[in-house]
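Okay, here's what each chain looks like letter by letter:
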Amino acid sequence: MNKSVNIYTMYFYPNMISTAQYVTHLANKMAENNISVKIICSYSFFEKAPNLKLHKSIKIRHISFNIFPKTFLITNFLNQILYSLLASFYSFIDISSRTKAASTIVFTAPFFLPYFLFNRSKKMIISITDIYPQTFRVFSKNNRFNLLSSFFHYLNQKLYSNVNQVVVLGRCMLKTLKKQYKNLNLVYIPLWFQPSIIPNKIEQSKVLIDLGLKNKFVILYSGNFGRIHDFDVILKTASELMDHKDIIFLFVGRGNRFNYLKNLIIKYKLTNCIIRNFVNYNEFPALVKNIQVGLVSLSLGHEGLSVPSKFFGLLGAGKPTIFIGSNQSEVSQIIRDYNCGLSLDPSNPKALRSSILTLYNDQKLANEMSQNAIATASSIFNIQNGFLKYNQLIN
């Protein structure tokens, strides 16, 4: 193997949250193309690891464990600090090694990880999944916090301008960083879909069958239920569509707004809404292939700071997607550029109901958007294109 790369990320297989999936697929593709890959990550305990074949040449170094429960923000933060400190220590050892990697890719998972690894590699690439501290600023109006945020902004300028490349997931993120920082080598490498999600064969979904939804018009919202996602307009629309007995809203995932969402569904007796925890990684492709419409939301103010990864699974499965958020967001741009769904202004509460009924009643339009989604995902937002761009960076 001629090329070698160390990848630092807290999340990797068998953890299969969105960041872990992204890095795991990339590492596999690199190894398949004769790149020596070493993953420096934390370890999460799972009852049953997903059935995913890792390339035999990938070396994984679990340098920490998630010893604190992730239920609370502070304990999750302690896990992240512990991993970052141990990653910093490990990088010192790696510098002195005769077999040190030619390139280092650091994912902002957690967001402050690159601070602990600065100047530890001759060739460093930072891949930004969410832009901080700007994401915090959207939530906080506290002046003390804004002072801390300014400090992190200063650190980012020093860090980003002194690494070889800074990778972002969306054109909106590219615009944000160009506006707020100077002298950065920025590269846009979009997300990609899980290859097994392509609808190339008829496949029943055990999840939908078990829930009694096999012959229903299912609208799926999957992934992280975080503070940056707007659920109020979705639930309001669900209440207005209660008379359509075959239209079902299915929420699959986890996050700090899971209980909030669950309690509202119970409180307002939304019998057309079903909420459940994450689906097994290997069951998800069949689920998304058999729903009718995908839902994605991003609260106003977060465009340019984050790109919802759940959208790319829907795209690869050929599902028309309804996006609720700013038209400056990456998801909105893709939907409008390739006519693979509908992009809605969240300030218009009636738009979601109208859009759902349009796709419900107009099968021809839904099929057209479905075909556009598959064609777009297959030709543009695939792992091969992502790998080629990363490969150019480490050459």
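Everything below is about the structure printed above this text.
Residues numbered from 1 in each chain as written. Predicted model: local features only at pLDDT ≥ 70, side-chain atom pairs only at ≥ 80, totals over all residues. Heavy atoms only, no water.

Peer 1: Help me get a handle on the overall build of the chain, residues and values and all.
Peer 2: Check the secondary structure of the chain and you find 15 helices and 13 strands. Computed over the C-alpha atoms, the radius of gyration of the chain is 21 Å, within 12% of the 21 Å expected from 2.2 N^0.38 for a compact globule of 395 residues. When the backbone C-alpha atoms are referred to their principal axes, the chain occupies close to 65 × 50 × 40 Å. Looking at the 395 residues of the chain, the share that counts as buried comes to 53%. Across the chain, the fraction of contacts at a sequence separation of at least 24, relative to all contacts at a separation of at least 6, is 71%. (Helix = DSSP H or I, 4+ residues; strand = E, 2+ residues; numbered from the N terminus. Rg over C-alpha atoms; globule rule 2.2 N^0.38 Å. Buried < 20%, exposed > 50% of the residue type's maximum accessible area, 1.4 Å probe, protein only. Contact = heavy atoms within 4.5 Å.)

Peer 1: Quick rundown of the packing of aromatic side chains? Include the residues and the values.
Peer 2: Per the stated rule, a full pass over the model turns up 19 aromatic pairs. On the numbers, 6.1 Å between centres and 55° between planes, the contact of F151 with F152 is tilted. Seen in terms of ring centroids, Y221 and F251 are 6.3 Å apart; in terms of plane orientation they differ by 40°. Their pairing is tilted. Highlighted residues: Y221 in strand β8 (residues 217-224) and F251 in strand β9 (residues 247-254), separated in sequence by 30 residues. Taking relative accessible area as the criterion, F251 reaches 1% and is therefore assigned buried. Among the aromatic residues, those joined into a ring-pair cluster are F77, F111, F112, Y115, F116, Y132, F151 and F152. Here the guanidinium or amino end of R254 rests over the ring plane of F258, the centre of that ring lying 4.1 Å away. (Phe/Tyr/Trp six-rings, centres within 6.5 Å; stacked < 30°, edge-to-face > 60°. Lys NZ or Arg CZ within 6 Å of the ring centre and 35° of its normal.)

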